[in-house]
Amino acid sequence: MGLSALPIRGLIGGLLFIALSSVALAAEMQVKKFDADRKLQGDCVGCHINVTPGIVKQHLGSPHANASNPEDEVLCSNCHGDKHVTMEDWQEATMPTADTCGECHKKQAREHSKGKHQLGWMVMKSQIAWHGQPGAITEQGYRGCSGCHKIGKKGLLGVTDGNNDAKVAYDGGKEEAHYRYGNAQCDACHTRHSFKKSEAKDPRACSNCHMGFDHPQWEMYTSAKHGVIWGIEGHEEDARAPTCQTCHLMEGDHEVRTPWGFLGLRIPTKENVLALIQVAPTLEPQLTKLAAALPSGNYVDLDDDPTWTLDRALILQAAGVLDADFQPTERFVEIVLQAEAARGPEEFNELRTKMKTNCNKCHSQGFVESHMKASDEILKAADHEFAKAIAAVQGLYRDGILKVPEGWKYAPDLLQYYDAKTKIEQELYLIMLEYRQRTFQGAFHASNDYMHWYGWAPLKTAVNTILEEEKRMRAEHAAVKVSSNAAAAKKH
Ligand code: HEC
Ligand code: HEC
Ligand code: HEC
Ligand code: HEC
Ligand code: HEC
Ligand code: HEC
Ligand code: HEC
Ligand code: HEC
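Residues numbered from 1 in each chain as written. Chains lettered and ligands numbered in written order. Predicted model: local features only at pLDDT ≥ 70, side-chain atom pairs only at ≥ 80, totals over all residues.

**Side note on the overall build of the chain**
Each helix and strand counted, the chain has 22 helices and 2 strands in total. Here the chain has a C-alpha radius of gyration of 29 Å; the compact-globule value for 492 residues is 23 Å, and the former is much larger. Summarising its shape, the C-alpha atoms of the chain cover approximately 120 × 60 × 60 Å along the three principal directions. Each of the 492 residues in the chain was classed as buried or not, and the buried ones make up 32%. Once local pairs closer than 6 in sequence are excluded, the contacts in the chain between residues at least 24 apart make up 66%. (Helix = DSSP H or I, 4+ residues; strand = E, 2+ residues; numbered from the N terminus. Rg over C-alpha atoms; globule rule 2.2 N^0.38 Å. Buried ≥ 20, exposed ≤ 12 C-beta atoms within 10 Å, placed from the backbone. Contact = placed C-beta atoms within 7 Å.)

**A word on the confidence of the model for the chain**
Here the chain averages 93 in pLDDT, and 96% of its residues register 70 or above. In the model, residues 1-6 has pLDDT below 50 throughout and makes 0 contacts with residues more than four positions away in sequence or in other chains. (pLDDT = per-residue confidence, 0-100.)

**Quick look at the environment of Ile315**
Structurally, Ile315 is set in helix α17 (residues 306-318). Not counting chain neighbours up to four residues away, the residues in contact with Ile315 comprise Leu265, Asp383, Phe386, Ala387 and Ile390.

**Things to note about the environment of Glu330**
Examined against the element boundaries, Glu330 turns out to sit in helix α18 (residues 330-338). Spatially, the C-alpha atoms of Glu330 and Gly158 are 9.9 Å apart, while their sequence positions differ by 172 residues.

**With respect to the site of ligand 7**
Neighbouring residues of ligand 7: 18 residues in total, closest Cys145, Cys148, His215, Phe262 and Ala341. Looking at the shell around ligand 7, the elements that each hand over two or more residues are α6 (120-125), α7 (128-131) and α9 (145-149). (Near = placed C-beta within 6 Å.)

**A closer look at the domain arrangement of the chain**
In terms of domains, the chain is made up of domain 1 (97-200) and domain 2 (270-482). Using C-alpha coordinates to define each centre, domain 1 is positioned 28 Å away from domain 2. Counting from both sides, the interface comprises 16 residues of domain 1 and, opposite them, 13 residues of domain 2. Looking at the side of domain 1 that touches domain 2, the elements with two or more residues in it are α6 and α7. (Domains from an automatic or database assignment.)

**Some thoughts on helix α22 (residues 448-491)**
Along its 44 residues, α22 runs 63 Å from first to last C-alpha, staying within 8% of the 64 Å computed at 1.5 Å per residue. The sharpest bend along α22 measures roughly 25 degrees and falls at Trp456, with the proline Pro458 sitting one to four residues further on. (Expected span 1.5 Å × (residues − 1). Bend = angle between axes of the 7 residues up to and from the residue.)

**Observations concerning the environment of Ser370**
By secondary structure assignment, the location of Ser370 is in helix α20 (residues 365-398). A tally of 12 C-beta atoms within 10 Å means that Ser370 is categorised as exposed. Considering only alpha carbons, one finds Ser370 and Ala184, 186 residues apart in sequence, at a separation of 40 Å.

**What about the site of ligand 1?**
Near ligand 1 lie 17 residues; those nearest to it are Cys44, Cys47, Cys76, His80 and Trp90. Where the shell around ligand 1 is concerned, the elements lending two or more residues are α1 (5-51) and α3 (76-80). Element by element, the count of residues in the shell around ligand 1 is highest for α1, at 6 residues. For the shell around ligand 1, the per-class residue count stands at 9 nonpolar, 5 polar and 3 charged. (Nonpolar A, V, L, I, M, F, W, Y, C, P; charged D, E, K, R; others polar.)

**Some words on unusual backbone geometry**
The omega angle of the peptide bond from Arg192 to His193 is -15 degrees, so this bond is cis rather than trans. Phi is positive for Glu340, close to 55 degrees, though the residue is something other than glycine. Mapped onto the elements, Glu340 comes out in the loop between α18 and α19 (345-359). Residue classification places Glu340 among the partly exposed residues on the basis of 18 C-beta atoms within 10 Å. One non-glycine residue, Ala446, lies in the positive phi region at around 60 degrees.

Next comes the structure, spelled out in structure tokens:
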């Protein structure tokens, strides 16, 4: 053994001792923290059993209080912090966000944040109509729009907030801080304080939001064979009928997103728009310019043809997403790109294929393909009717029979919803948000009554009413013109 080895050995021993004792110290501190945490938990529960007994009961019965590994027990303070401990300082309690849940449930939080639910708040604010309503209707207390759309993350910034990038930005928590309640997102399906998986797996968990006027998926599901069988036979693990979750959160994947999306719109392809020039040669310069900005490719199942592309272009125009020259507007950036309300061919095809493979667990490929194609055909037929009605109203503006209302950038503007000023535009709004929605959503969900009697039938009625009203307005306008010309002639 060399002389110089001794001090080194001593040094190593010393270091080892320090290391070991700091491990011991850390372990000791952990035990202390554990004890302190449990004591604090005792305080929260001890007081809240009188203050809010329901919450304590739910928490104590939840998987959080009964984790399979007792060391993982989740405490009130894990979600609400440890600052509030008296009867008076309850304002000091913090309210959890999806990020709080995400600290322990990384996979679900990551998936959720990539899906459409994450964008729910932002997409609501992208609507011009939302900004026209009083706060009590749209924002405060989570009644109306905000009550359902709080499933989205607050503070995502789009064009309306001055962000013109193709991607949404985040304000770092400013908007969340503005709202004391309603930032948790995950509790849309796993409600507090039970936070159960079984609740979220039941299709009724979706039904408070996915129902009613413009997206009656609950009503459509329960009136289609899938939902009927679910109702009769219940919902065990190996159930014969699929639930919303079987089709939309496949294998528990929290990234919800469908090919057509809520509005049944997709981005026209370069090829589709160029083919349109053959049908509408006068539009060549505009269409060539538009095509340059669009993705290339084909859609699976039912691809676009020139008529459909033109019909959809008119719809996009009436929504202010394309301007009068068919060029993308700031709404295209905000609604289509930032809020991801419409998909291009690559994403559409990928989502559609995944969905069909899922159906194949119970149905043949041929059966599924024919269902999807038939449903695409129905959307195409609905678009054609809708486009006729839009063209009629656009004509009234072009010919000066309708005047652009003050403050409107686009006219007609479907996104003004029920704030449309004339009867004919009220009908147009109903086609967009009620009848056309029910037609195609009913088709995909195999609800015959929704597809036809709540969808297609009133859609046709509304189109006929609009075409009649257009004739009447034109005749009235011509009569007024004739009589004012006659009056002017008399004066001279
Ligand atoms: C000494 C009693 C007491 C203790 C201890 C206590 N709380 Fe409270 N807490 C209250 C009272 C009182 C309220 C207000 C209730 C009300 O508004 O009805 C409250 C409210 C809350 C709220 C709701 C705040 C809001 O803005 O609505 C949360 C969350 C909360 N407590 C969590 C906790 C947690 C977590 C602990 C333990 C770290 C804890 N409490 C300990 C008495 C207590
Ligand atoms: C401190 C870590 C932690 C936080 C924060 C947390 N959880 Fe949990 N969660 C757990 C643990 C631990 C379990 C139980 C796992 C087990 O039993 O093994 C669990 C279980 C669950 C389950 C499955 C329940 C079941 O029925 O099987 C759901 C759903 C859930 N949590 C949702 C949430 C939500 C929503 C939030 C936010 C509001 C949240 N969790 C916050 C740790 C956490
Ligand atoms: C897994 C996370 C989690 C745990 C654990 C948890 N909470 Fe909550 N708590 C929430 C969420 C989410 C909300 C709703 C927040 C919102 O609206 O923004 C909430 C809201 C509350 C509220 C106010 C809302 C209401 O309904 O009155 C009280 C009070 C409260 N919690 C008390 C408690 C107490 C007491 C405990 C422990 C016994 C506890 N919480 C444990 C997540 C949790
Ligand atoms: C749209 C409804 C919905 C929302 C929103 C939602 N979940 Fe879930 N979650 C589900 C469903 C459905 C399941 C059951 C998946 C399965 O096993 O098939 C589930 C399962 C879970 C589980 C249990 C996983 C397991 O297999 O044990 C956890 C944990 C969880 N979710 C956490 C979260 C968190 C965290 C958030 C927010 C970031 C969230 N969930 C938001 C519907 C939802
Ligand atoms: C058998 C599978 C299946 C079930 C069950 C199912 N859906 Fe769907 N869902 C679909 C298909 C297919 C589409 C259209 C896909 C496309 O765009 O190509 C769709 C579309 C959607 C959309 C987008 C808009 C629309 O309606 O076209 C939402 C939202 C939705 N479903 C929610 C739900 C909810 C909520 C439930 C339960 C009440 C449910 N779905 C039940 C298959 C299903
Ligand atoms: C708190 C209300 C709420 C609940 C509960 C809810 N959703 Fe949603 N969901 C929304 C909103 C709002 C949107 C629109 C968000 C967007 O497009 O950015 C949406 C969008 C969707 C989409 C995307 C449609 C598209 O554009 O492609 C699907 C699929 C969906 N939800 C399925 C479900 C299923 C399945 C459940 C139940 C397990 C459920 N949701 C529960 C509010 C809810
Ligand atoms: C009953 C709950 C509910 C109410 C109230 C509600 N929404 Fe929605 N909204 C939803 C659901 C669920 C979806 C997704 C439906 C689908 O994809 O078929 C949605 C979708 C949307 C979308 C389309 C998102 C996309 O990416 O395509 C917009 C925009 C929107 N809502 C705005 C609003 C505005 C603005 C209001 C109020 C004037 C409002 N919503 C009121 C539940 C609601
Ligand atoms: C878990 C199994 C399962 C899955 C997954 C499933 N289905 Fe079904 N489906 C059924 C059963 C069972 C029936 C009832 C069969 C009958 O009518 O004899 C049915 C019936 C149907 C019907 C006929 C409805 C009617 O009113 O006659 C259509 C259309 C349909 N499914 C389409 C689909 C599509 C599209 C998908 C995927 C998006 C799908 N199914 C996924 C089990 C499933």
